[in-house]
Amino acid sequence: MHTATVFNIQKFSLNDGPGIRTVVFFKGCPLRCAWCANPESQQRAPQLEWKESACIGCGSCLAAAPSANAVEYSGKIHVDVRALRGDAPEAQAAVRACPTHALTCTGETKTVDEVLRVCLQDQPFYEESGGGVTLSGGEALMWPDFCEELLGELRAHGIDTCIETEAHVAPEVFRRIAPLLDHMLVDLKHVDPNKLRDQAHAQADLMLENLRWALAHHADVLPRTPVVPGFNNSLDDARAMARWLRSAGGTRVQLLPFHNFGEGKYALLDMAYALQGVRKLREDDLEDYRQAYLAEGVVAFF
C-alpha cells in the first residue's frame, strides 16, 4: 500500500475537469513559479504554518519544541515554521500546545485506501454529473506509484479520472500514468526556455516533450495557460505558444487569468510573494490575447 503527502481533498469542484469532482491535492512540486497560488504544495513534506492574527504570543509552542528556532513578528515570539518538518514530533507537540490554533500543520501522509474512501463518498454525484476524481497539487506525478495505485482503484469502481499537471516529470513516468486517465489538463506555461528557467525553474524541453506526446497519444488533452503579467501576457507570447501548439497537433487552449488569491498563504509559511501588488487579470483584459491565439488557428477560451 503506497502513501503520499496530501494537503487537501476538495469536494464538489466544478473547475477541475468535467462534472462534479473531488480534487486530491498532493504536496511536492519540481517548479518554483513566481505566481504559485499554492505555496504550501511546493515541499513534499508536511509544513508548519503560523497565523499572525490568531497568535497571542504566549510562547507555548516554544516550550513544547525547545530545540526549534524562535522568531518574532509584530511583537509575537513563536516557533520558526521553516525550522521543523511539520510531521516531526517536536512540530506536532508545538501544534498541540498552541491554545489558539495559530500554529497548524499543512499536509498529511495518506494511504491509497484513505484517499479512495473519501473519493467514493460522492460517487452518486459523479454519476449524475459526468464527474469524477482529479489529481492535482503541487504535482501529483511526483508520487507516481501512489497515483498508479489510486487511479487503478478508481477505474475499478467505474470513476472518471483526470489530472492537472505541469508535465515536468520524466517521460517514462508521464507515459506510464497517462493510460489510467480519462482527461489530462496540462499546463502550457510558455515555450521560451529562458523565461521558464528564470521564473519557474523549469526545463522547457521536458514539459513540451510530454505535452507533445500527450496530444499525439491521449484521447482527451486540454492545454491550459496561466496568463501572468510580466511572464507570458504579451501578444507575442500568445502567438509563440499558439504556433507551438499548432505544430504539436493542438487545436485549443484554456486561458487562466492571473489571480492573487493565494497571496495570504505566503505569510503563513514565512515566504516572500514575488508578485505582491500585481493586479489580477480579468477575462476582458485578455480579449486581444485570446484573439492572437485564434488568429493562429487555436481556439482559446476561459
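Because the structure is a prediction, the values reported are computed rather than measured. (Residues numbered from 1 in each chain as written. Predicted model: local features only at pLDDT ≥ 70, side-chain atom pairs only at ≥ 80, totals over all residues. Heavy atoms only, no water.)

S.K.: Help me get a handle on the overall build of the protein chain, residues and values and all.
M.R.: When helices and strands are tallied, the protein chain shows 11 helices and 13 strands. For the protein chain, whose C-alpha radius of gyration is 21 Å, the value lies close to the compact-globule estimate of 19 Å for 302 residues. By its C-alpha atoms, the protein chain is 60 × 45 × 35 Å across when sized along the principal axes. Taken over 302 residues, the protein chain has a buried fraction of 50%. Within the protein chain, residue pairs in contact and separated by at least 24 positions form 71% of the contacts whose partners lie at least 6 positions apart. In the structure as shown, the protein chain presents an accessible area of about 13,500 Å², 49% of it carried by carbon and sulfur atoms. (Helix = DSSP H or I, 4+ residues; strand = E, 2+ residues; numbered from the N terminus. Rg over C-alpha atoms; globule rule 2.2 N^0.38 Å. Buried < 20%, exposed > 50% of the residue type's maximum accessible area, 1.4 Å probe, protein only. Contact = heavy atoms within 4.5 Å. Areas by Shrake-Rupley, 256 points an atom, 1.4 Å probe, with all protein chains shown as cover.)

S.K.: Pulling in residues and values, what's your account of the pairing of strand S3 (residues 47-50)?
M.R.: On S3, burial covers both faces: Gln47 and Glu49 on one face and Leu48 and Trp50 on the other are all buried. Sheet analysis places S3 next to strand S6 (residues 103-106), joined by four bridges and oriented antiparallel. Bridge pairing links Glu49 to Thr104 in S6. (Pairing = 2+ DSSP bridges.)

S.K.: Provide a residue-level description of empty space enclosed by the protein, including the pertinent values.
M.R.: As enumerated under the stated definition, the model contains one cavity of 30 Å³ or more in all. Its boundaries defined by the atoms lining it, the largest cavity holds a volume of some 90 Å³. In terms of lining residues, the largest cavity is bounded by 13 residues, among which Cys55, Cys58, Gly59, Cys61 and Cys98 are the most central. Its residues assigned to classes, the lining of the largest cavity comprises nine nonpolar, four polar and no charged. (1 Å grid on protein atoms, 1.4 Å probe; cavity = no way out; pocket = protein on both sides within 12 Å on 5 of 7 lines; lining within 4 Å. Points joined across faces, edges and corners; volume = space filled by probe spheres on them. Nonpolar A, V, L, I, M, F, W, Y, C, P; charged D, E, K, R; others polar.)

S.K.: Account for the environment of Thr100, with residues named and values stated.
M.R.: One can find Thr100 in the loop between helix H2 (89-97) and S6. A C-alpha to C-alpha distance of 39 Å links Thr100 and Pro18, two positions 82 residues apart in sequence. Ignoring anything within four residues of it in the chain, the contact list for Thr100 reads Ala54, Cys55 and Ile56. At 2.7 Å, the side chain of Thr100 and the backbone oxygen of Ala54 are in polar contact. (Polar contact = N/O pair within 3.5 Å; in protein donor to acceptor, adjacent residues only side chain to side chain.)

S.K.: Hey, could you go over the packing of aromatic side chains for me, with residue numbers and the actual values?
M.R.: Tallied over the full model, the rule gives eight aromatic pairs. Taken together, a centroid distance of 4.6 Å and an interplanar angle of 35° make the contact between Trp35 and Phe231 tilted. With a gap of 196 residues between them, Trp35 in the loop between strand S2 (21-26) and S3 and Phe231 in the loop between strand S11 (221-227) and helix H9 (235-247) connect regions that are remote in the sequence. Exposure remark for Trp35: the relative accessible area of 9% places this residue in the buried category. For Phe231, a relative accessible area of 0% gives the class buried. An angle of 80° between the planes, with centres 6.1 Å apart, marks the rings of Trp50 and Tyr73 as edge-to-face. On the criterion of sequence distance, the pair formed by Trp50 in strand S3 and Tyr73 in strand S4 (residues 70-73) is long-range, its members being 23 residues apart. Looking at Trp50, the relative accessible area reads 8%, which means it is buried. Accessibility expressed as a relative area gives 47% for Tyr73, which makes it partly exposed. (Phe/Tyr/Trp six-rings, centres within 6.5 Å; stacked < 30°, edge-to-face > 60°.)

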